[in-house]
Amino acid sequence: MGMKMVSYSSVLTAISKFDDFSRDLCVQALLDIMNMFCDRLSCHGKAEECIGLCRALLSALHWLLRCTAASAERIQEGLEAGTPASGEKQLAMCLQCLEKTLSSTKNRALLHIAKLEEASSWTAIEHSLLKLGEILTSLNSPQLRSQAEKCGTLIRSIPTMLSVHSEKLHKTGFPTVHALILLEGTMNLTGETQPLVEQLMMVKRMQHIPTPLFVLEIWKACFVGLIESPEGTQELKWTAFTYLKIPQVLVKLKKYSHGDKDFTEDVNCAFEFLLKLTPLLDKADQRCNCDCTNFLLQECNKQGLLSEANFANLVAKRAADRDPELKSSENANIQPNPGLILRAEPTVTNILKTMDADHSKSPEGLLGVLGHMLSGKSLDLLLAAAAATGKLKSFARKFINLNEFTTHGSGESTKTASVRALLFDISFLMLCHVAQTYGSEVILSESSTGAEVPFFETWMQTCMPEEGKILNPDHPCFRPDSTKVESLVALLNNSSEMKLVQMKWHEACLSISAAILEILNAWENGVLAFESIQKITDNIKGKVCSLAVCAVAWLVAHVRMLGLDEREKSLQMIRQLAGPLYSENTLQFYKERVVIMSSILEHMCADVLQQTATQIKFPSAGVDTMPYWNLLPPKRPIKEVLMDIFAKVLEKGWVDSRSIHILDTLLHMGGVYWFCNNLIKELLKETRKEHTLRAVELLYSIFCLDMQQVTLVLLGHILPGLLTDSAKWQNLMDPPGTALAKLAVWCALSSYSSHKGQASSRQKKRHREDIEDYISLFPLEDTQPSKLMRLLSSTEDDANLLSSPTDRSMNTSLSASQLHTVNMRDPLNRVLANLFLLISSILGSRTAGPHTQFVQWFMEECVDCLEQGSQGSILQFMPFTTVSELVKVSAMSSPKVVLAITDLSLPLGRQVAAKAIAAL
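Given the structure is predicted, the values throughout are model-derived calculations rather than measurements. (Residues numbered from 1 in each chain as written. Predicted model: local features only at pLDDT ≥ 70, side-chain atom pairs only at ≥ 80, totals over all residues. Heavy atoms only, no water.)

### A short note on the overall build of the protein
Secondary structure summary: the protein contains 43 helices and 0 strands in total. Within the protein, contacts between residues at least 6 apart in sequence are counted, and of these 79% link residues at least 24 apart. Accessible surface, the protein: about 39100 Å² in total, of which carbon and sulfur atoms supply 53%. (Helix = DSSP H or I, 4+ residues; strand = E, 2+ residues; numbered from the N terminus. Contact = heavy atoms within 4.5 Å. Areas by Shrake-Rupley, 256 points an atom, 1.4 Å probe, with all protein chains shown as cover.)

Laid out in structure tokens, this is it:
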């Protein structure tokens, strides 16, 4: 064997065929032979021979177990017969040989592959192990028993040898989790819980966070959100997020963590930690005018996340720790938001049921319900509760149906006409308010072909100003039938007030823009005096506020097109429409409707007023209705703002919601490449290890603003640029290089696991980079040299060092993804496949440097973040040939790494792994 004349696998196979265990000397001689080499097996032949070694080792393990069982049985028989123990020496030899074979990680890795090759043989081994366990219980020698148990444990660990991850306990703060929660709570309350749960689980796995500290970080972020959220709608959104959505998220997380009991214990442990943060909890209590923790504990108890005993214990603990002054300073006249939100949730369900009834049967009853919803902060409470529980879309649908129902009235009395006008107005205002607060995606129906699009949807898509949407005031949607416009102008100008009977409100809303243009022209040309304009604007806003909203929507688009000196009268008209009408003769709930109208108009006009440096006083409810608007400092280059905000975030160690909004605005303005490239440059400047790690945790959470697009840019443009330009290699030194590798892997894993799902509504608004960009950068056929690979070969003096795909035979770039037939038209799949081709060519080239070191860190991080048996992870894009190249890198030459980076579900993957491990 030393001369390589006989292979290890043939010797092992021959030994395992001997089954006369009564011939002591023969068995002992075989055990001696096996002992000579069982911890240094190797094979340098073809892949098939290496797989042969795996199978032979599996047979040998089975033989050893049978041999051990036979020896133990003989001792047992000897004891029963009263003769001295004859088999003890042989048993000791068997166990020694077993232990020696199994204590080698390389052997266990080969057995892991063999188990996947031959499932039935593994079942036989499990049976032998059970049988052996039964026999050994009667053994007198505790030493032999414990040795046997150790061998049993090692065998049982083989199938799961990849899933053992140590959780990191050396730190207690996890800024990524914190920022993710703040991001979701501030910007994505309407998002579904499942993608959030998956993203949180991904972070937990990648950063190896223990469950109690993970849950604690979620609670900490929620309390910070409650404390720092701006007053008004944002505050209610946060309360709904904390008390309605996060408990649901935890209920789903509980399903992920196997073993119900443990998770409730972890939640209890998280609360125990949380209660030690008395200043944080006291500050939240002061802000919310109640015992916030108590409400939260009740909700978790209700959802089955805490046992009764733990619940009672935690409530008592918090009551004892709470600042006594808080209790006395609570204002009994102000109802606390957490209590209101928890009560609003069942109300939402009731309102949805009421809205399902036939509107024509009792419109007055429905009007009563809606009127009640408008008072105080009821509407925002109900919308926040609906958004947090995933009911906002159906809420909006019901209001769209109601709005459609009220567009026509035939043969009606004055009373029914005014009820219809009010139902139209309230539903229209509510829908505008929902679109502005939660995004217009909530309102759009799933497009069913042939179905008529409801009036409100049509109006919202074509006529309603939104951030980043420029409207054309001359668009045909603003130019309806001229006879309707003329009659509307006459009605507004001549009558003392709006008529209601048989009024087609949707037509009036669509005609008002053209009517306003006529009126403006008449005013500009001196045909109408200012008094007439006042009378007209009073008519517009006097009965139905929706008309004023439609008029201002058009005026905003119109003002943008005018020169500085031409804007005066249009802005004056917006001013006239924005203030309420002080008259006795308005319809019911006028005051409440005007409050919503003002907030809608303020949102619509914000951009135009800033651009024209105009101020208009909107009669708001004394709360800043647009807290996150216009955050960028004027006259400062956006790159400076980005550097500045990132430096502050890094210094603090966590991202607050204001910074999230500024970063989001910068991402919109600068674009994904600019945003990502500048932040990566900042990361690469960092030289202190603990700072780079913190920067990675924070950058990952900042990139969650649009993870899919950032990942495409990072892996498709920025990394290849750094790896192929030798002038930039020094940037990749440790620690920033290690940090960038970690960040790249985290982004790749997150995007890859979530891009099978849906993009969140927050990300849909953004301009999508054209898929063609990626197709030209990374063409489909391997024969056609892509831009990327041309880049590779041109940066080296010797073009062969980094061979381009044209020189490669197809099999060198063959990867598991091709065998799994992954869709390569998908930009992310293309970018990943090309990145791994690049990694493969760097490893195969003869030049070493920081870039080869970077590739090693990248692969190590991939291994560190992998789950057990995760087929279809990003490593499936790695060419099979990379495995043998990687094993040559000392830090990667471990059997576990080989198992982790190859796809063992494929026969070819198992062969590649066996060959690499057997050669170690």
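### Here we look at empty space enclosed by the protein
Within this structure, the stated rule accounts for 3 cavities of 30 Å³ or more. Taken as a whole, the largest cavity encloses approximately 50 Å³ of empty space. If you go around the largest cavity, the residues you meet are A179, L183, V655, I660, L663, S701, I702 and L705. Mapped onto the lining of the largest cavity, the elements with two or more residues apiece are α8 (175-187), α30 (657-670) and α32 (689-703). Split by residue class, the lining of the largest cavity holds 7 nonpolar, 1 polar and no charged. (1 Å grid on protein atoms, 1.4 Å probe; cavity = no way out; pocket = protein on both sides within 12 Å on 5 of 7 lines; lining within 4 Å. Points joined across faces, edges and corners; volume = space filled by probe spheres on them. Nonpolar A, V, L, I, M, F, W, Y, C, P; charged D, E, K, R; others polar.)

### Some remarks on the nonpolar core
With 323 residues, the main nonpolar core has W459, F675 and F703 as its most contacted residues. Per-element accounting of this core gives the leading share, 17 residues, to helix α3 (residues 47-81). (Core = buried A, V, L, I, M, F, W, Y, C linked by side-chain atoms within 4.5 Å. Buried < 20%, exposed > 50% of the residue type's maximum accessible area, 1.4 Å probe, protein only.)

### Side note on the packing of aromatic side chains
Tallying each qualifying case throughout the model produces 15 aromatic pairs. Plain terms: the ring middles of F424 and F428 are 5.9 Å apart, the flat faces sit at 25 degrees to each other, and that makes the pair stacked. Here the residue F424 and the residue F428 both occupy positions in helix α21 (residues 414-438), the gap between them amounting to 4 residues, near one helical turn. Exposure remark for F424: the relative accessible area of 0% places this residue in the buried category. Overall, F428 belongs to the buried group, its relative accessible area being 0%. Chaining the aromatic ring pairs together yields one cluster made of F424, F428, F455, F456 and W459. Over the aromatic face of Y438 sits the side chain of K237, whose NZ or CZ is 4.8 Å from the ring centroid. Between K652 and the ring centre of W654, over which it is positioned, the NZ or CZ distance is 4.8 Å. (Phe/Tyr/Trp six-rings, centres within 6.5 Å; stacked < 30°, edge-to-face > 60°. Lys NZ or Arg CZ within 6 Å of the ring centre and 35° of its normal.)

### Comments concerning the pattern of salt bridges
Evaluation of the coordinates by the stated rule reveals 24 salt bridges. The closest approach of N and O atoms between K220 and E217, which form a salt bridge, is 3.5 Å. Remark: E217 and K220 occur in helix α10 (residues 211-228); sequence separation between them is 3 residues, near one turn of the helix. The residue R688 makes a salt bridge to E686 at a minimum N-O spacing of 3.3 Å. The class for R688 is partly exposed, based on a relative accessible area of 44%. Residue class for E686 comes out buried when judged on its relative accessible area of 13%. The structure contains a network of salt bridges with shared partners spanning R55, E117, E118 and R910. (Salt bridge = Lys/Arg side-chain N within 4 Å of Asp/Glu carboxyl O.)

### Re the side chain of N539
Its location among the elements puts N539 in helix α25 (residues 530-542). Taking the relative accessible area as the measure of exposure, N539 reaches 5% and is therefore buried. In this structure, N539 is in contact with L491, L492, S495, S496, E497 and M498, ignoring residues within four places of it in sequence.

### Some remarks on the state of the cysteines
Applying the stated criterion across every chain yields a total of 0 disulfides. With no disulfide of its own, C50 lies closest to C43 among cysteine sulfurs, the gap being 3.6 Å. We note that C67 lacks a disulfide partner, and the nearest cysteine sulfur, in C94, lies 3.3 Å from it. Given the relative accessible area of 0%, C67 is considered buried. (Disulfide = S-S within 2.5 Å.)

### Looking at unusual backbone geometry
Residue P735 is bonded to the preceding D734 through a cis peptide linkage, with omega at 5 degrees. Residue placement: P735 occurs in the loop between α33 (707-724) and α34 (736-754). A positive phi is found at N289, a non-glycine position, where the angle reads about 60 degrees. Summarising the element assignment, N289 is placed in the loop between α13 (278-288) and α14 (292-302). Although it is not a glycine, Q502 adopts a positive phi angle of roughly 55 degrees. Considering the arrangement of structural elements, one finds Q502 in the loop between α23 (482-494) and α24 (505-524). By relative accessible area, Q502 is classed as partly exposed at 43%.

### Remarks on the environment of N731
The topology assignment puts N731 in the loop between α33 and α34. Linking N731 and K681, residues 50 residues apart in sequence, is a C-alpha distance of 9.2 Å. Setting aside chain neighbours within four positions, we find N731 in contact with L684, L722, P736 and G737.

### Digging into the confidence of the model for the protein
Taken residue by residue, the protein gives an average pLDDT of 82. The fraction at 70 or more is 88%. Of all helices and strands in the protein, the one with the weakest mean pLDDT is helix α37 (residues 787-794) (41), whereas helix α31 (residues 672-685) scores best (94). For the stretch residues 757-772, pLDDT sits under 50, and the model shows 30 contacts to residues farther than four places along the chain or on other chains. Below pLDDT 50 for its whole length, residues 779-811 participates in 53 contacts with residues either more than four positions away or in separate chains. (pLDDT = per-residue confidence, 0-100.)

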